[in-house]
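The chain contents come next:
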Amino acid sequence: MQTLKDLPKSKRQLEILLSKLEGFKNPKINLEQYETDPNLAAEILWTAYMYGDIYNKVVVDLGAGTGILGIGALLLGAKKVYLVEIDEDAINILRKNLNIVRRSASINSKDVVLLNLDVTKFEGVANTVLMNPPFGVQSKVTIFDNFVDKACRISDVVYMIFDKTKKNRISTILSENGFEINFIKRGRLLLKKKYWFHEKNNYCLDVLWIRAKRKLSMFYYTALPKNR
Ligand code: SAH
């Protein structure tokens, strides 16, 4: 685990480290593979760090792709990070990216668990989930619900990027799971031309991202007497 003195000193320094990571080589449209760009990733990660949701915490990156969110959490001193990704090609790039950051950061192999899994199959608990799930545009809409549902079941705090059209859907799933949204922020995903149907070389997609928190912590649930 990174000690306090090793951590990036600013959001900008974190962004520079994240910009060294590789993105998808041949992104798969059916899995909606778009990496979060370093600027937005650093913004979300730095905010989460300032809220005390990263340092010395267990973090899960659902749909980790090439790993920018989970690796950012490692750089900011998470004590354990689970990276859950269904696609083996993405996992191979993720492995390379881990090696890139290991050159300049003190990350032990026991701090990282790489899981080549469907998110619905992940079993475990965490303090914090970070995710940029498939928006449910190309893939089946249920995939998006599955990600949000899983995040709520395994953690107390969720940071998530999503398309504006999903705002109501997210609010519903979160409140059904006993979560409340603490804030919603606007962000921009800088997308490089990846798929044949993209007309421009690069373009920006306006997105939203949130921090949502469980209203009652898991500890409180388990501390309640069984007969209540
Ligand atoms: N978190 C990364 C990648 C976001 S793209 C980033 O922020 O850059 C969404 C990722 O979810 C893709 O890598 C895709 O392969 C993965 N994914 C899609 N469906 C999945 C599923 N059912 N289980 C696990 N991962 C999935």
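The preceding data block contains the structure.
Summarised in this report is the structure supplied together with it. (Residues numbered from 1 in each chain as written. Predicted model: local features only at pLDDT ≥ 70, side-chain atom pairs only at ≥ 80, totals over all residues. Heavy atoms only, no water.)

So, about the site of the ligand. For the ligand, the set of nearby residues contains 22 residues, the closest of which are Gln-33, Thr-36, Gly-63, Glu-85 and Val-119. The backbone of Ala-64 places a nitrogen or oxygen atom 3.4 Å from a nitrogen atom of the ligand. Summarising the interface, the protein chains cover 98% of the accessible area of the ligand, which totals 570 Å² for the free molecule. More than half of the atoms belonging to the ligand lie within 2 Å of the grid points that define the largest pocket. Elements with a minimum of two residues in the shell around the ligand: helix H3 (68–75) and helix H5 (141–154). (Near = heavy atom within 4 Å. Polar contact = N/O pair within 3.5 Å; in protein donor to acceptor, adjacent residues only side chain to side chain. Areas by Shrake-Rupley, 256 points an atom, 1.4 Å probe, with all protein chains shown as cover. 1 Å grid on protein atoms, 1.4 Å probe; cavity = no way out; pocket = protein on both sides within 12 Å on 5 of 7 lines; lining within 4 Å. Sits in = over half its atoms within 2 Å of the grid points. Helix = DSSP H or I, 4+ residues; strand = E, 2+ residues; numbered from the N terminus.)

For any two helices packed against each other, one specifies the crossing angle of their axes together with the interaxial distance. Running from N to C, helix H1 (residues 11–18) and helix H2 (residues 38–50) point in directions that differ by 135°, and their axes come no closer than 9 Å. The pairing of H1 with H2 is recorded here as oblique in orientation. Two packed elements cross with a definite hand, and for H1 against H2 that hand is right-handed. Residues Lys-11, Leu-14, Glu-15 and Leu-18 of H1 touch H2, and the partners they reach there are Pro-38, Asn-39, Ala-41, Ala-42, Glu-43, Leu-45 and Trp-46. Of the residues in the contact of H1 with H2, the class split is seven nonpolar, one polar and three charged. (Axes fitted to C-alpha atoms, helices over the stretch in contact; angles between N-to-C directions. Parallel < 35°, antiparallel > 145°, perpendicular 65-115°, else oblique. Left-handed = near helix turned anticlockwise from the far one by under 90°. Contact = heavy atoms within 4.5 Å. Nonpolar A, V, L, I, M, F, W, Y, C, P; charged D, E, K, R; others polar.)

Purely geometric stuff here, so don't read any function into it on its own.
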